[in-house]
Amino acid sequence: MVYKYNTFGTCAQKIEIEIDENEIIRNVEFFGGCNGNLKGIAKLVEGQKIDDVISRLEGIKCGFKSTSCPDQLASALKEIKENF
């Protein structure tokens with residue numbers, strides 16, 4: 001299933017996440033933001049369980065912002081997990 005998440009407080013505006021029936025992340029695509037870094041993050045989380053990625057990325061800040069693109073990915077995954 002592909003989920004779309006509108007971010008807030010980051011340069012990326014949206015994240016699309018594909019999750020399989022075993023709660024494994026199959027694909028992540030960020031729209032906007034730091035292209036190379038976000039492609040790297042996407043590749044690193046592919047094949048990982050939702051809970052593992054949330055625990056690693058939740059709470060990461062970007063400079064003086066209260067969130068970051070990785071933190072927004074964790075927020076998206078938490079929302080997906082609640083509705084899974």
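All of these numbers come straight from a predicted model, not from anything done at the bench.

Participant: Even after reading the chapter, I still don't get the overall build of the protein, so can you show me in this structure?
Facilitator: A count of helical and extended segments in the protein gives three helices and three strands. Relative to a compact globule of 84 residues, whose C-alpha radius of gyration would be 12 Å, the protein shows 12 Å and is just as compact. With the C-alpha coordinates aligned to their principal axes, the bounding extent of the protein is approximately 35 × 20 × 20 Å. Counting the 84 residues in the protein, one finds 39% classified as buried. Partitioning the contacts of the protein with sequence separation of at least 6, the portion at a separation of at least 24 is 40%. Just so you have it, the protein exposes about 5,100 Å², and 51% of that area is on carbon and sulfur atoms.

Thresholds applied
- Residues numbered from 1 in each chain as written.
- Predicted model: local features only at pLDDT ≥ 70, side-chain atom pairs only at ≥ 80, totals over all residues.
- Heavy atoms only, no water.
- Helix = DSSP H or I, 4+ residues; strand = E, 2+ residues; numbered from the N terminus.
- Rg over C-alpha atoms; globule rule 2.2 N^0.38 Å.
- Buried < 20%, exposed > 50% of the residue type's maximum accessible area, 1.4 Å probe, protein only.
- Contact = heavy atoms within 4.5 Å.
- Areas by Shrake-Rupley, 256 points an atom, 1.4 Å probe, with all protein chains shown as cover.

Note that every value here comes from positions in space, so none of it alone points to a role or purpose.
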